[in-house]
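Structural overview
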There are 2 protein chains.
Amino acid sequence: MPVYTVSHVQNIRICVVMVGLPARGKSFISQKIVRYLSWLSIKARSFNVGNYRRRQQSHPSADFFDSHNEDGLKIRAEAARDAVVDMMKFFNEEDGVVAILDATNTTKARREWILELCRENSIEPMFLESWCDDEKIVMNNIRDVKVSSPDYVDTDPDTAAMDFQKRIEKYREIYEPLEVDTNKDLTFVKLINVNEQVIINKIETYLESRIVYYVMNLHIKPRSIYLSRHGESMYNLEGKIGGDADLSERGWQYARKLPNMIKNVLRINGEEEEDDDDGDEDVQLTVWTSTLKRTQQTASFLRYPKLQWKALDELDAGACDGLTYEEIEKKFPQDFKERDENKYEYRYRGGESYRDVVIRLEPIIMELERQENILIITHQAVLRCIYAYFMNVPQEESPWMSIPLHTLIKLDPRAFKTMVERIKADIPAVSTYKEKGTSQLGEIEDANNKSKNLITGAPSR
Amino acid sequence: MPVYTVSHVQNIRICVVMVGLPARGKSFISQKIVRYLSWLSIKARSFNVGNYRRRQQSHPSADFFDSHNEDGLKIRAEAARDAVVDMMKFFNEEDGVVAILDATNTTKARREWILELCRENSIEPMFLESWCDDEKIVMNNIRDVKVSSPDYVDTDPDTAAMDFQKRIEKYREIYEPLEVDTNKDLTFVKLINVNEQVIINKIETYLESRIVYYVMNLHIKPRSIYLSRHGESMYNLEGKIGGDADLSERGWQYARKLPNMIKNVLRINGEEEEDDDDGDEDVQLTVWTSTLKRTQQTASFLRYPKLQWKALDELDAGACDGLTYEEIEKKFPQDFKERDENKYEYRYRGGESYRDVVIRLEPIIMELERQENILIITHQAVLRCIYAYFMNVPQEESPWMSIPLHTLIKLDPRAFKTMVERIKADIPAVSTYKEKGTSQLGEIEDANNKSKNLITGAPSR
């Protein structure tokens, strides 16, 4: 495992201590970091103190959070202790590398306590404060996320929102933000109004710098990410992998249909107001392809800015490039078996593994986080890796996911999950899906499948 | 060109406006950014106002910089104007993408003037302030760099240092640092005491975020970077390119000799105090190899932490993998010619170009900037690309550089240039150097060459 073992060479364990009033996106940031690091095979977990507190007090009113409420204080202190105990188990018994203590941690005393615990256990503390005085952002967060919290089951949304605002006030009374001067010996990051300003203090390790750069690139503007494999290629018809073949006739059909499919989904999103000819020009969409012909041919009828990325090229099959699975099984029987046994780690002779592809896709993911609407036209293995990031699919499963040809996938990233929609083009194509333990590919894709197939998003944690 | 064309899609032009007192590393940062971006094929140039001022006043004393010195003010204002005129030519006539205005720009009035110019020309201004109150860092900078400035030709170093300190005081009288609150509408980065703290405000474009992340990763601790190709391989003996061959017998000889060669250079650097057996453990060095056998075999006798990077694998020759140059010339005559004509851009069928390699090496360079002593054992093309970064070699030349087998290269990055030393192992090896227009490789490497061959560093700008 290349780049990210730097953290292992250094043998560093990091506790990211979130800081901030409620509704400042702390849990959003926490789960994003966990998803990103997990995708990179860095063992990471978030410990949400609210979840521990709910074991004792599941529907608290704002008064529960008053700093003079003795019962509340006791339960909340216990919840914090329980979370920290589990966090230490994660480090010491499960070889955890990055833990996130997802709580308000608004007082200096609380932060001192965590700091001390980290020091005793040789864990690097990194404070991550989300500070926001933009009431519009806070209210959006309350409405989008907080009113549907388990704390407010069966509560009317307006009542819940009002109660939550009171809760915030209780915290504000005792909130001591991180201070640039007095805390200058701490490793910390302070995000102000969702990355409008970022203050970074004493970031020293590689892994910390990666986390900071990732968090700096997050935004919360609504947008969609569209994924598609290239249209059916001549190699697909012959069952060959790799290569740089042209599209088949049906592949070209898909390429010609794609502009309208995109137009339709953009219209649904309300991003295209009128069905006129120059509508396209108003829609902000960028198309990313690989450097291989079949993705560029698939994009050729789309009238949006386009960008080629070598990093989006298909998994390099090395010595097996241009062969069919049957030929591979015959020529390299041992390799064929090994790959089926651990498809994520298996590296083709002179080629790549899924893990290698993930590492080279890291800049793509970083850039996707920064961007708004993007359509990515790429290849089966690459698409599986990108999909796994957004849908939080475990790595042992991702190489086995079915992602058929001639299908547009629409991802809508929300705060805690990604919504998915698959839109079929109704153009038949061969199946390129190989099941475990066989060299046979599936039957021809059924063009009569339901042309729209809504799958609700898998929760991202 | 993949990732970095994002800047071109967005069609953004950036003016990085340096801010800070003299001796705060502004020119150091400027030339590093230019080198990094140029290496990534992003057209960048630094405009140093001091150089323009020297045309009128080449040996000024501190009084020249007094804010009441009318002549001085006039000459300095003219120099700033001349620099800006050239900068605008760079943007408008040479398609420049990133310009750096390397000057103190310490007053609000001066910054307002630049801001206005940028707005009129649709250029994004990004202020980059280096702020430092650590007198030790400042004094080191004065002694290492400033006393040898052209301003102090024929001046005794102590006198020069004293005069320079006076010059700083003249600037301090009128210095108005960037303020986090009042400048919050500006895009800016404020580096405090060499990245101890970094404040980032309103960074919006991809290219800006890359520059910021790069600058955040710079350090000024002394260290060396050691580069070596793998030992001679079986494929080298046969004149074949690519593959994953084992070392030849002479390759293994080199591998066995490498630990002592490294020990010697570390000792010269004063990093190893005693010549005892456990000396190795005290030396901070990490060895990076590719995932290919020949680099790992070459590293196998070294007792330092090791890290494998897929990104350090040799340039992928695609369809030509495993062939000799003669076979390539015969099989793909047109490709062979094209590659010789533009070796940097030529992409092997199903493989990579030098440009592709540079893009995948970007995280390696970023990590190298963060690290201290590193030994990289890698391949000819990859080594050329890394070497080109440190030595500022133009891209059209870098694929033609001679980097022989069985030679250790020691790079010492200094403020404005990188010192180079080549240490030969005195173990013969075939030549893998192919001259333009022929498929023949050079003669066998001469083992009787001078075993140490000091080349002074090429200036990095």
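For chain A, an unreviewed UniProt entry supplies the name fructose-2,6-bisphosphate 2-phosphatase and the organism Wickerhamomyces pijperi. Looking at the Sequence similarities (unreviewed entry) heading of the UniProt record, one finds this comment for chain A: "In the C-terminal section; belongs to the phosphoglycerate mutase family."

Along its length, chain A carries 16 helices and 13 strands. Expected size for 461 residues packed as a compact globule is a radius of gyration near 23 Å; at 24 Å, chain A falls within 12% of this value. Per-residue burial for chain A yields a buried fraction of 60% across its 461 residues. Here the analysis covers contacts within chain A between residues at least 6 apart in sequence; of these, 69% occur between residues at least 24 apart.

Another point: the domain arrangement of chain A. All names here are of chain A. With domains assigned, chain A is organised as domain 1 (10-216) and domain 2 (225-453). The centre of domain 1, based on its C-alpha atoms, is set 36 Å off from the matching centre of domain 2. With 14 residues of domain 1 in contact, the opposing surface of domain 2 contributes 18 residues. Contact between domain 1 and domain 2 buries roughly 1,500 Å² in total, counting both sides, with carbon and sulfur atoms accounting for 61%.

Taken as a whole and assessed by the stated rule, the structure comprises 50 salt bridges over all chains. A salt bridge links B:R119 to B:E116; the shortest N-O distance between them is 3.6 Å. One end of the pair is B:R119 and the other is B:E116, both in helix α5 (residues 108-120) and 3 residues apart, which spans about a single turn. Looking at B:E116, the relative accessible area reads 37%, which means it is partly exposed. We note a salt bridge from B:E232 to B:R250, for which the minimum N-O separation is 2.7 Å. Of this pair, B:E232 sits in the loop between β7 (225-229) and α9 (234-238) while B:R250 sits in helix α10 (residues 249-268), and the two are 18 residues apart along the sequence. B:E232 gets classed as buried once you look at its relative accessible area, which sits at 1%. Residue classification places B:R250 among the partly exposed residues on the basis of a relative accessible area of 22%. Ionic contacts of the salt-bridge type, sharing partners, join the residues A:R53, A:R54, A:D151 and A:R167 into one network.

Glancing now at the nonpolar core. Formed by 156 residues in total, the largest nonpolar core has its most connected members in A:V98 and B:V98. With sequence-adjacent residues up to four places away left out, A:V98 is seen in contact with A:I14, A:V16, A:L37, A:I42, A:K43, A:A44, A:R45, A:F90, A:F91, A:L207 and A:I211. Counting 90 residues, the second-largest nonpolar core is a separate cluster that includes A:M87, A:I123, A:I168 and B:I142.

Low-pLDDT stretches of the model should not have their predicted coordinates read in fine detail. Residues and elements named next belong to chain A. Taken over all residues, the pLDDT of chain A has a mean of 89, while the share at 70 or more is 90%. Counted against residues more than four places away or in other chains, residues 1-9, with its pLDDT under 50, gives 32 contacts. Of the regions scoring below 50 in pLDDT, residues 272-276 engages in 8 contacts with residues more than four places distant in sequence or in other chains. Our summary of model confidence lists the complex with pTM equal to 0.88 and ipTM equal to 0.83.

For the rest of this paragraph, the subject is the packing of aromatic side chains. Residues and elements named next belong to chain B. For the coordinates displayed, the defined rule picks out 23 aromatic pairs over all chains. Their ring planes at 10° and their centres at 4.0 Å tell us that Y36 and Y214 sit as a pair that is stacked. Of this pair, Y36 sits in helix α2 (residues 26-39) while Y214 sits in helix α8 (residues 206-216), and the two are 178 residues apart along the sequence. Accessibility classification places Y36 together with Y214 in one group, the buried group. Look at W39 and Y389: their rings are 5.5 Å apart centre to centre, the planes differ by 70°, and that puts the pair in the edge-to-face class. Taken together, the residues span a long stretch of sequence, with W39 in helix α2 and Y389 in helix α16 (residues 380-391) at a distance of 350 residues. By relative accessible area, which is 5% here, W39 ends up buried.

Below, the discussion takes up unusual backbone geometry. Residue and element names in this part refer to chain B. In this structure, A23 takes a positive phi of about 65° despite not being glycine. Turning to its location among the elements, A23 is positioned in the loop between β1 (14-19) and α2. For A23, a relative accessible area of 4% corresponds to the buried category. Of note in the backbone geometry, S41 takes a positive phi value of approximately 65° without being a glycine.

On to the relation of the copies chain A and chain B. Superposing chain A onto chain B takes a rotation of 180° combined with a translation of 0.0 Å along the rotation axis, leaving an RMSD of 0.0 Å. The transformation just described matches what one would write down for a two-fold rotation axis. It is A:I199 whose C-alpha, among those of chain A, lies nearest the rotation axis, at 2.2 Å.

Take B:T106: it is sitting in the loop between β3 (98-102) and α5. With near-sequence residues (within four places) excluded, B:T106 lies in contact with B:G20, B:L21, B:R111, B:Y171, B:I174, B:Y175 and B:E176.

On to the sheet that holds strand β5 (residues 188-192) of chain B. Within the open sheet, the 12 strands sit side by side as β2(A)-β3(A)-β1(A)-β4(A)-β5(A)-β6(A)-β6(B)-β5(B)-β4(B)-β1(B)-β3(B)-β2(B). Their pairing is mixed. At either end of the open sheet lies a strand with only one pairing partner, and these are β2 (44-48) of chain A together with β2 (44-48) of chain B. For this sheet, the mean angle separating the axes of adjacent strands, direction not counted, is 15°. Pairing geometry for strand β6 (residues 197-201) of chain A and strand β6 (residues 197-201) of chain B, over 5 bridges, is antiparallel. Within β6(B), the residue paired with A:I200 across the bridge is B:V198. Packing against the sheet, α5(B) makes contact with β1, β3 and β4 (124-131) of chain B, and its axis sits at approximately 155° to β4(B).

On to the pairing of strand β3 (residues 98-102) of chain A. Residue and element names in this part refer to chain A. For β3, a buried count of 5 out of 5 residues is recorded, marking the element as mostly surrounded by other parts of the structure. Neither face of β3 is left uncovered, since the one carrying V98, I100 and D102 and the one carrying A99 and L101 both have all their residues buried. For strand β1 (residues 14-19) and β3, the ladder comprises 4 bridges, and the chain directions are parallel. When the bridges of β3 are listed, I14 appears paired with V98.

So, about the packing of helix α8 (residues 206-217) of chain A against helix α15 (residues 354-370) of chain A. Residues and elements named next belong to chain A. For the pair α8 and α15, the least separation of the axes is 8 Å and the interaxial angle reads 35°. Across the interface between the two elements, R210, Y213, Y214 and N217 from α8 touch E362, M366, E369 and R370 from α15. Here the residues of the contact of α8 with α15 are counted per class, giving 3 nonpolar, 1 polar and 4 charged.

Let us now look at the pairing of strand β12 (residues 418-424) of chain A. Residue and element names in this part refer to chain A. In terms of residue burial, β12 counts as a mostly covered element, since 6 of its 7 residues are buried. When strand β11 (residues 407-413) meets β12, the two strands line up antiparallel, connected through 7 bridges. Within β12, the residue paired with K410 across the bridge is E421. Connecting β11 to the next strand, β12, in antiparallel fashion are 4 residues.

What follows covers the interface of chain A and chain B. Counting residues at the interface gives 40 residues for chain A, matched by 40 residues for chain B. Between chain A and chain B lies a buried interface of about 3,300 Å² when both sides are counted; carbon and sulfur atoms form 55% of it. Taken as a group, A:Q197, A:Y213 and A:K310 account for 18% of the area that chain A buries against chain B, more than any other trio of residues on that side. On the surface where chain A and chain B come into contact, there are 0 salt bridges. Across the contact surface, chain A and chain B share 16 residue pairs in polar contact (both at pLDDT 80 or more). Listed by contribution, the elements that provide at least two residues to the side of chain A that touches chain B are α1 (6-10), β6, α8, β9 (306-308) and α15 of chain A.

Quick look at a negative patch on the surface now. The grouping of A:E124, A:D185, A:E204, B:D133, B:D134, B:E135 and B:E196 at the surface amounts to a negative patch. In this fold, A:E204 is placed in the loop between β6 and α8.

Conventions adopted
Residues numbered from 1 in each chain as written. Chains lettered and ligands numbered in written order. Predicted model: local features only at pLDDT ≥ 70, side-chain atom pairs only at ≥ 80, totals over all residues. Heavy atoms only, no water. UniProt positions renumbered as here; feature names shortened; annotations may be inferred. Helix = DSSP H or I, 4+ residues; strand = E, 2+ residues; numbered from the N terminus. Rg over C-alpha atoms; globule rule 2.2 N^0.38 Å. Buried < 20%, exposed > 50% of the residue type's maximum accessible area, 1.4 Å probe, protein only. Contact = heavy atoms within 4.5 Å. Domains from an automatic or database assignment. Buried area = accessible area lost by both parts, 1.4 Å probe. Salt bridge = Lys/Arg side-chain N within 4 Å of Asp/Glu carboxyl O. Core = buried A, V, L, I, M, F, W, Y, C linked by side-chain atoms within 4.5 Å. pLDDT = per-residue confidence, 0-100. Phe/Tyr/Trp six-rings, centres within 6.5 Å; stacked < 30°, edge-to-face > 60°. Least-squares fit on C-alpha atoms with pLDDT ≥ 70 in both. Pairing = 2+ DSSP bridges. Axes fitted to C-alpha atoms, helices over the stretch in contact; angles between N-to-C directions. Nonpolar A, V, L, I, M, F, W, Y, C, P; charged D, E, K, R; others polar. Polar contact = N/O pair within 3.5 Å; in protein donor to acceptor, adjacent residues only side chain to side chain. Patch = residues over 30% accessible without salt bridge, like charges linked within 9 Å, V, L, I, M, F, W, Y side chains within 5 Å. Areas by Shrake-Rupley, 256 points an atom, 1.4 Å probe, with all protein chains shown as cover. Lys, Arg positive; Asp, Glu negative; His and termini not counted. Charge placed at Lys NZ, Arg CZ, Asp CG, Glu CD.

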